[in-house]
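# A closer look at the structure
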Amino acid sequence: MRLDLGCIHIKDVRFGAATGIEDQVLSINRDELISLLEQEPLFERVEIQLAHPGECCRIIRVLDVLEPRYRMNGPNFPGALDGNGLVGDGQTRALKNVAVVETDQLAIRSRNIIDMSGPASEYSPISNTHNVVLLPYPKPGADKDDYRLAVKKAGLKAAVYLAATARDCAPDETKIFELPPVAFNQGPKELPRIAYIFPMHSHQHPTQQRETVFYGSNIQGFMPTIVHPNEILDGALMFSYSAFTWFAQNHPVIHELYRRHGVDLWFAGVVLTVAPVTIAEKERNTALAARLAKETLGADGILATKIGGGAVDTDLMMIYTRAEEMGMKAALIIMERYPDTGITFVPANVNALVTPGLTRDPISLPAVERVIGGDAIALDNANPDNSNPGISLTPAREKLNLWMGDLVGAISQIGASRLTTYMS
């Protein structure tokens with residue numbers, strides 16, 4: 001399977017009379033895009049604002065972030081936006097240096113923020129993209145879960161609408177992602193075969209019945225499955241929580257395994273799974289995932305990451321142990337949450353860990369001139385600025401002392417962070 005990702009490098013985004021690309025500038029007909037998004041019956045109105053790198057601007061109540069993409073010969077985000085279909089092959093256009101940012105106007109307590117300048121911009125790649133920010137306001141009485149799903153779909157619509165302008169553009173760069181079918185993916189014996197085991201969701205936060213996570217499925221009852229890595233890059237996966245879809249589209253682990261494929265390792269493939277709730281389910285899924293990596297993909301070693309909170313640490317440790325029991329080497333990328341507890345559970349045999357940062361590292365953000373998404377931001381009761389019990393609201397324009405994990409993209413559970421921690 002071969003995916004040709006045609007990258008259009010955008011240097012600026014503006015509102016204009018027509019939506020199109022000229023001289024690497026993306027112009028957006030704001031009224032036209034708003035009309036498209038206001039077709040959703042749960043929205044009372046939709047506003048769209050722009051935020052640019054270096055601007056003294058803060059975006060709050062962030063729900064998800066996407067890179068604008070358009071498939072030239074197939075469905076876009078199948079099952080979630082377009083009808084059923086498969087992705088991962090053919091040609092796709094991607095607008096680089098641009099992001100669609102969804103905001104949740106019912107999530108008053110959300111602490112997901114993006115600062116476009118200042119110290120936060122050093123840590124998050126989304127602080128350095130031209131951001132098209134969607135502000136869909138719900139009708140009175142709208143169910144919060146239904147509204148959230150509608151916002152997610154609006155983000156997909158906007159991402160495709162913007163990237164469709166690149167249909168007739170010659171790409172500035174084409175990235176080729178190609179792996180043959182599993183049965184024919186044989187490399188030289190001197191190169192170690194590496195498989196990636198990817199728990200894409202933790203059901204400690206159950207998905208909604210109509211939620212579209214993988215090919216339109218809510219992934220309830222999902223069993224470990226071999227997927228082509230291109231499917232993840234090309235719109236089959238939309239993260240439900242604790243991660244942002246932009247990082248699935250630009251998955252750093254998959255990109256790195258492709259980069260090193262045929263050089264110092266052989267990329268054997270991907271086992272996609274979830275982190276279930278009960279111990280019995282965890283034992284089943286981790287054993288199946290490791291067996292698929294070993295017996296079907298023929299892996300000599302595995303790399304695993306997680307999405308979710310501390311409960312998923314157990315799944316990763318079990319994956320590591322099952323892999324070693326089957327004769328494979330293993331390594332984990334695993335986020336740390338609290339400085340006093342670190343990782344929830346580490347067996348004695350687990351000794352190859354990489355951490356993309358500590359979520360509870362404090363960071364001080366200066367006051368900003370403009371805020372998109374609301375007037376106030378929530379501080380939890382452990383925040384250095386909040387001595388009161390419960391949760392308080394602070395004016396979002398002011399100087400803030402927050403946690404690193406509150407910055408969208410600063411702590412990437414799949415390894416896109418610019419941070420790490422050191423253990424002794």
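This write-up is about the structure you can find in this document. (Residues numbered from 1 in each chain as written. Predicted model: local features only at pLDDT ≥ 70, side-chain atom pairs only at ≥ 80, totals over all residues. Heavy atoms only, no water.)

### Description of the sheet that holds strand β6 (residues 57-59)
Strands belonging to one sheet form pairs held by backbone hydrogen bonds; the direction of such a pair is parallel or antiparallel. Here is the rule we go by: When DSSP finds at least two bridges between two strands, those strands are taken to pair. Segments assigned H or I by DSSP are reported as helices when at least four residues long, segments assigned E as strands when at least two residues long, and all are numbered from the N terminus.
Reading across the sheet, the three strands line up as β11-β6-β21 and stay open at both edges, with mixed pairing between neighbours. Sheet topology places β11 (114-115) and β21 (370-372) at the edges, where each strand pairs with a single neighbour. Examined bridge by bridge, β6 and β11 share two bridges and lie antiparallel to one another. In the strand pairing of β11, I59 is matched with I114.

### Re the packing of helix α1 (residues 30-37) against helix α2 (residues 144-163)
Going by this rule: All axes here are fitted lines through C-alpha atoms, helices being fitted over the stretch that makes contact, and every angle between N-to-C directions spans 0 to 180 degrees. By definition, turning the near helix anticlockwise from the far helix through less than a right angle yields a left-handed crossing, and turning it clockwise yields a right-handed one. Two residues qualify as a contact provided that any one of their heavy atoms is within 4.5 Å of a heavy atom in the partner residue. Throughout this entry, Asp, Glu, Lys and Arg are counted as charged residues, while Ala, Val, Leu, Ile, Met, Phe, Trp, Tyr, Cys and Pro are counted as nonpolar. The remaining residues, Gly among them, count as polar.
α2 packs onto α1 with a crossing angle of 140° between their chain directions and a minimal axis gap of 10 Å. Considering how the two elements wind past one another, α1 and α2 form a crossing that is right-handed. Between α1 and α2, the residues in contact are E32, L33, L36 and L37 and A154, K157, A158 and Y161, respectively. Here the contact of α1 with α2 is composed, by residue class, of six nonpolar, no polar and two charged.

### Some remarks on the sheet that holds strand β14 (residues 193-202)
With mixed pairing, the six strands of this open sheet are ordered in space as β15-β16-β14-β17-β18-β19. Each edge of the sheet is formed by a strand with only one pairing partner; in this case those strands are β15 (225-227) and β19 (353-354). Relative to strand β16 (residues 266-275), β14 is paired through eight bridges, and the arrangement is parallel. If you follow I194 over to β16, its bridge partner there is F267. Against the sheet, helix α5 (residues 252-260) contacts β14, β16, β17 (301-304) and β18 (329-333), and its axis sits at roughly 170° relative to β14. Seen against the sheet, helix α7 (residues 311-325) touches β14, β16, β17, β18 and β19 and runs at an angle of roughly 165° to β18.

### Re α1
Residues separated by three or four positions in an α-helix point in the same direction, a consequence of the helix having 3.6 residues per turn. Heads up, the condition is: Burial classification: accessible surface area is computed with a 1.4 Å probe over protein chains only, and a residue below 20% of its type maximum counts as buried, one above 50% as exposed, and the rest as partly exposed. Taking the helix axis as origin, the arc is that swept by the directions to the C-beta atoms. N or O atoms closer than or at 3.5 Å make up a polar contact, with two conditions inside protein: a donor-capable atom paired with an acceptor-capable one, and, for residues adjacent in sequence, both atoms drawn from side chains.
Among the residues of α1, those classed as buried are L33, I34 and L37. Down the axis of α1, the sector holding all buried residues measures 100°, keeping them to one side. Looking at the packing, one finds that the buried side of α1 touches β4 (25-28), β5 (43-51), β12 (130-138) and α2. The opening residue of α1, the one whose side-chain oxygen lies 3.2 Å from the backbone nitrogen of D31, is N29.

### Side note on the environment of E173
Along the chain, the position of E173 falls in strand β13 (residues 173-178). Each C-alpha atom of the pair E173 and G6 lies 6.0 Å from the other, and the pair is 167 residues apart in sequence. Discounting chain neighbours no more than four positions away, the residues touching E173 are L5, G6, C7 and H9. At 3.1 Å, the side chain of E173 forms a polar contact with the side chain of H9.

### Considering the environment of S202
Relative to the elements of secondary structure, S202 occurs in strand β14. Residue S202 is classed as buried on the basis of its relative accessible area of 2%. Considering only alpha carbons, one finds S202 and R167, 35 residues apart in sequence, at a separation of 36 Å. Among the polar contacts made by the side chain of S202, one reaches the side chain of Q204 at a distance of 2.8 Å.

### Examining the packing of aromatic side chains
Spelled out, the test is: Note on aromatic pairs: the rings of Phe, Tyr and Trp (six-membered ring only in Trp) are paired at centre separations within 6.5 Å, and the planes decide the class, stacked below 30 degrees, edge-to-face beyond 60, tilted for the rest. Both a distance and an angle decide whether a charge sits over a ring: NZ of Lys or CZ of Arg must be within 6 Å of the ring centre and within 35 degrees of the ring normal.
Applying the stated criterion across every chain, the model contains eight aromatic pairs. Taken together through their ring pairs, the aromatic side chains of F177, Y258 and F267 make up a single cluster. R30 extends its terminal NZ or CZ atom over the ring of F15, reaching a point 3.9 Å from the ring centre.

### Brief notes about the environment of Y137
Mapping Y137 onto the fold places it in strand β12. A C-alpha to C-alpha distance of 28 Å links Y137 and N401, two positions 264 residues apart in sequence.

### Focus: the nonpolar core
Note on soluble globular proteins: their nonpolar side chains tend to be buried together. The test is simple: Residues enter a nonpolar core if they are buried and are Ala, Val, Leu, Ile, Met, Phe, Trp, Tyr or Cys, with the set joined through side-chain atoms within 4.5 Å.
Judged by nonpolar contacts, the single largest core of 55 residues is most densely connected at I59, V65, F198, M200, F214, I232 and L237. Ignoring any residue separated from it by four or fewer positions in sequence, one finds M200 in contact with F214, I219, F222, L237, F239, L272, T273, V274 and I307.

### Some words on the state of the cysteines
Here is the rule: In plain terms, two cysteine sulfur atoms within 2.5 Å form what is called a disulfide here.
As enumerated under the stated definition, the model contains zero disulfides in all. In this model C57 remains outside any disulfide bridge; the closest cysteine sulfur is found in C56, 8.2 Å from its own.

### Digging into the pattern of salt bridges
For clarity, the cut-off: Within this document, salt bridges are pairs made up of a side-chain nitrogen of Lys or Arg and a carboxyl oxygen of Asp or Glu, the two lying within 4 Å of each other.
Per the counting criterion, the structure on display carries 18 salt bridges. Across the pair E47 and R45 runs a salt bridge whose closest N-O atoms are separated by 3.3 Å. Overall, R45 belongs to the partly exposed group, its relative accessible area being 34%. The partner of E67 in a salt bridge is R69, and the shortest N-O contact between them spans 2.8 Å.

### A look at α5
For α5, the full list of buried residues reads V253, I254, L257 and Y258. The buried side chains of α5 occupy one side of the element, clustering within an arc of 135° when seen end-on. Where α5 is buried, its residues contact β13, β14, α3 (229-233), β16, β17 and β18. Where α5 terminates, the next one or two residues include G262, which has phi positive at roughly 80°.

### Quick notes on the pairing of strand β10 (residues 98-103)
Judged by how many residues are buried, β10 sits mostly within the fold: six of six residues are covered. Alternating positions in β10 separate into two faces, V98, V100 and E102 on one and A99, V101 and T103 on the other, with burial throughout. Summarising the sheet, strand β7 (residues 62-66) and β10 pair through four bridges and their orientation is antiparallel. By the bridge assignment, V62 is partnered in β10 with T103. Both β10 and β12 contribute to a ladder of five bridges, which runs parallel. Counterpart to V101 in the pairing with β12 is V133.

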